[in-house]
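The lines below spell out each chain.
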Amino acid sequence: MEENISIIKTVGIYEREEIIVDFARWLETASKEALVYGEGKFAMMSASMAQAMRINADELARDNPENTERVLQQASAMMTQFKAAYPHRLISRSVH
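Bear in mind that the values here come from a model prediction, so they are computed numbers and not experimental data.

What counts and what doesn't
- Residues numbered from 1 in each chain as written.
- Predicted model: local features only at pLDDT ≥ 70, side-chain atom pairs only at ≥ 80, totals over all residues.
- Heavy atoms only, no water.
- Helix = DSSP H or I, 4+ residues; strand = E, 2+ residues; numbered from the N terminus.
- Buried < 20%, exposed > 50% of the residue type's maximum accessible area, 1.4 Å probe, protein only.
- Contact = heavy atoms within 4.5 Å.
- Areas by Shrake-Rupley, 256 points an atom, 1.4 Å probe, with all protein chains shown as cover.
- Core = buried A, V, L, I, M, F, W, Y, C linked by side-chain atoms within 4.5 Å.
- pLDDT = per-residue confidence, 0-100.
- Expected span 1.5 Å × (residues − 1).

Peer 1: Hey, could you run me through the overall build of the protein chain in this one?
Peer 2: Helices and strands together make up the secondary structure of the protein chain, namely 5 helices and 0 strands. In the protein chain, buried positions account for 36% of the 96 residues. The long-range fraction of contacts in the protein chain, counting pairs at least 24 apart against all pairs at least 6 apart in sequence, stands at 69%. For the protein chain, the exposed surface amounts to about 6100 Å²; the carbon and sulfur share of it is 54%.

Peer 1: Is there a simple way to explain the nonpolar core in this structure?
Peer 2: Buried together is how nonpolar side chains tend to be arranged in soluble globular proteins. Among the nonpolar cores identified, the biggest contains 24 residues, and Ile-20, Phe-23, Leu-27, Met-53 and Leu-72 are the most heavily contacted of them. For this core, the secondary-structure elements that each account for two or more residues are helix 2 (13-36), helix 3 (40-55), helix 4 (57-62) and helix 5 (65-85). Tallying contributions element by element places helix 2 first for this core, with 8 residues.

Peer 1: Got a minute to help me understand the confidence of the model for the protein chain in this structure?
Peer 2: Low pLDDT marks regions whose predicted coordinates should not be analysed in detail. Predicted confidence across the protein chain gives a mean pLDDT of 85, with 85% of residues reaching 70 or more. Between the elements of the protein chain, mean pLDDT differs from a low of 73, seen in helix 1 (residues 2-6), to a high of 92, seen in helix 3.

Peer 1: For this particular structure, what's the right way to read helix 5?
Peer 2: Because each turn of an α-helix spans 3.6 residues, side chains separated by three or four positions end up pointing in the same direction. For helix 5, built from 21 residues, the straight-helix expectation of 30 Å at 1.5 Å per residue is met to within 8% by its first-to-last C-alpha distance of 30 Å. When we look at burial in helix 5, the residues that qualify are Pro-65, Thr-68, Glu-69, Leu-72, Ala-75, Ser-76, Met-78, Met-79 and Phe-82.

Below, the structure written as structure tokens:
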């Protein structure tokens, strides 16, 4: 993830948009995992941020790269906090 943040200034608009959407997907995944662990507040925050990133992906990609980098750093910080709280997460969530 961090390498995607560092290259955001050097890639084109379409690549930036793809990176933003990837971060939104990672946040959505973290949100679902947080629900499994009973972390409703984190799940809501990460899902909201992911939705905002998806809606504004085009604008963020065309905007100043520093702003986009700041948004991605905030998303990365949220995911890092969750990973620190739950380092041994579930691998499978299949329902029988």
